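Residues per chain, in single letters:
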Amino acid sequence: MSLALSGKGLLFSILFVGLASQETGLVKELDRNYSLAKSTDDLYTLEALVKKSLKTFPESDKLFWRLGRVYFKLGETFTSESKKIYFFSLCMLQAKKTIEINSQSANGFFFNGLCSGTLGQIQGIWSSLGTIAPFKKDMETAINLDPSIEEGGPHRALGNLYLKLPFVLGGDLERSIAHFQKAIQLGSEFGENYLGLAEAYIEKGDFILAKGILHTLLNMKLSSQKEESVLEWKTQALGFLGKIQN
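Residues numbered from 1 in each chain as written. Predicted model: local features only at pLDDT ≥ 70, side-chain atom pairs only at ≥ 80, totals over all residues. Heavy atoms only, no water.

A. Just helix H11 (residues 227-245), in detail. Taking 1.5 Å of rise per residue, 19 residues should cover 27 Å, and H11 covers 27 Å from first to last C-alpha, within 8% of that figure. Among all positions in H11, only Val230, Trp233, Ala237, Phe240, Leu241 and Ile244 are buried. All buried residues of H11 project into a common sector of 100° when viewed along the axis, lining one side. In H11, the exposed positions that point more than 90 degrees away from the buried face belong to Glu227, Leu231, Leu238 and Lys243. Next to the buried residues of H11 lie helix H9 (191-204) and helix H10 (207-219). (Helix = DSSP H or I, 4+ residues; strand = E, 2+ residues; numbered from the N terminus. Expected span 1.5 Å × (residues − 1). Buried < 20%, exposed > 50% of the residue type's maximum accessible area, 1.4 Å probe, protein only. Arc of directions from axis to C-beta. Contact = heavy atoms within 4.5 Å.)

Listed below in structure tokens is the structure:
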């Protein structure tokens, strides 16, 4: 009897390891396709791939937040307010499902905050007041779980929040700067971290520090990043420098 049970247990373990390995390989392939996506058609194809994968792994938190990431990117792609609301809402649904499956998913909290906050912003700062506290809570939770996700994404998100908010609503340049500095430590080749810090320095009137950060970005070889992203970041950096010098 004990031998039969141990045999079944061994078989179950082998099957579990096999499935886990299959899921890991699948996730790597999805991440590769995401990094290569250049159009809405590419993103729709990726959406279909993730949905197909969820039929095999219906309780995979890793797949649900990645589907949310696709919807967030689609929401950014469109200019139509209705389409933005549609895709950011879908993003939130996937993020919430992620958290339901795995309450320790930093990516789940990150995308939940990112998409809910972006939805609020679409309708203007006053209509998004109710999203500020939940947004902060989601990002702080993500930081506690894993601050390195999305190239320091949770710190970058809080840096942008404290930079963009009016002072009376909680805007704080010192906090913004501190979060962007941490984001740079965690995502040293991600241009948005540098641009955010430079913008915070400019808002504070520290133009010398801003110039230093912008020149650092312009002189970096960002080998791990998309060529299109690098071009966009460096164009923005030159734009900031032009404003400071004028």
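Now that the structure has been shown, the text picks up again.
B. View of the state of the cysteines. Inspection of the entire model under this criterion finds 1 disulfide. Covalently, Cys91 is tied to Cys115 through a disulfide, its sulfur atoms 1.9 Å apart. Residues Cys91 and Cys115 are joined through a disulfide that is right-handed, its torsion about the S-S bond being 70°. Placement of Cys91 in helix H4 (residues 81-101) and of Cys115 in helix H5 (residues 106-122) is noted, with a sequence separation of 24 residues between them. By relative accessible area, which is 0% here, Cys91 ends up buried. According to the relative accessible area criterion, Cys115 is buried, its value standing at 0%. (Disulfide = S-S within 2.5 Å.)

C. Fine view of the nonpolar core. One finds Leu63, Tyr71, Leu74, Phe110, Phe111, Met139 and Leu158 to be the most contacted residues of the largest nonpolar core, which totals 43 residues. Taken together, the elements giving at least two residues each to this core come down to helix H1 (2-36), helix H2 (40-56), helix H3 (61-77), H4, H5, helix H6 (129-145) and helix H7 (149-164). Apart from residues no more than four positions distant in its own chain, Met139 is found in contact with Phe110, Gly113, Leu114, Pro154, Ala157 and Leu158. If you look at the next biggest cluster of nonpolar residues, it comprises 24 residues, including Leu195, Tyr201, Ala210 and Ile244. (Core = buried A, V, L, I, M, F, W, Y, C linked by side-chain atoms within 4.5 Å.)

D. Just the pattern of salt bridges, in detail. Scanning the entire structure with this criterion turns up 12 salt bridges. Ionic contacts of the salt-bridge type, sharing partners, join the residues Asp31, Arg66, Arg69 and Glu150 into one network. (Salt bridge = Lys/Arg side-chain N within 4 Å of Asp/Glu carboxyl O.)

E. Highlighting unusual backbone geometry. Not every positive phi belongs to a glycine, and Glu150 is a case in point at roughly 50°. One non-glycine residue with positive phi stands out, namely Glu151, at about 60°. Note on placement: Glu151 falls in helix H7.

F. Region of the structure containing the packing of aromatic side chains. Enumeration according to the criterion identifies 8 aromatic pairs in this entry. Judged by centre distance (5.0 Å) and plane angle (65°), the ring pair of Phe190 and Trp233 falls under edge-to-face. Taken together, the positions of Phe190 in the loop between helix H8 (173-186) and H9 and Trp233 in helix H11 put the pair 43 residues apart, joining distant regions of the chain. For Phe190, a relative accessible area of 15% translates into the label buried. With a relative accessible area of 4%, Trp233 lands in the buried category. The structure contains a cluster of three or more aromatic residues connected by ring pairs, namely Tyr44, Tyr71, Phe78, Tyr86 and Phe87. The residue whose ring lies beneath Arg69 is Tyr34, and the NZ or CZ to ring-centre distance is 4.0 Å. We note Lys83 situated over the ring of Phe78; from NZ or CZ to the ring centre the distance is 5.0 Å. (Phe/Tyr/Trp six-rings, centres within 6.5 Å; stacked < 30°, edge-to-face > 60°. Lys NZ or Arg CZ within 6 Å of the ring centre and 35° of its normal.)

G. Looking closely at the environment of His179. If you trace the backbone, His179 turns up in helix H8. By relative accessible area, His179 is classed as buried at 14%. As for His179 and Leu197, which are separated by 18 residues in sequence, their C-alpha atoms are 8.5 Å apart. Contacts of His179, omitting those with residues within four sequence positions, involve Ile143, His155, Leu158, Gly159 and Tyr162.

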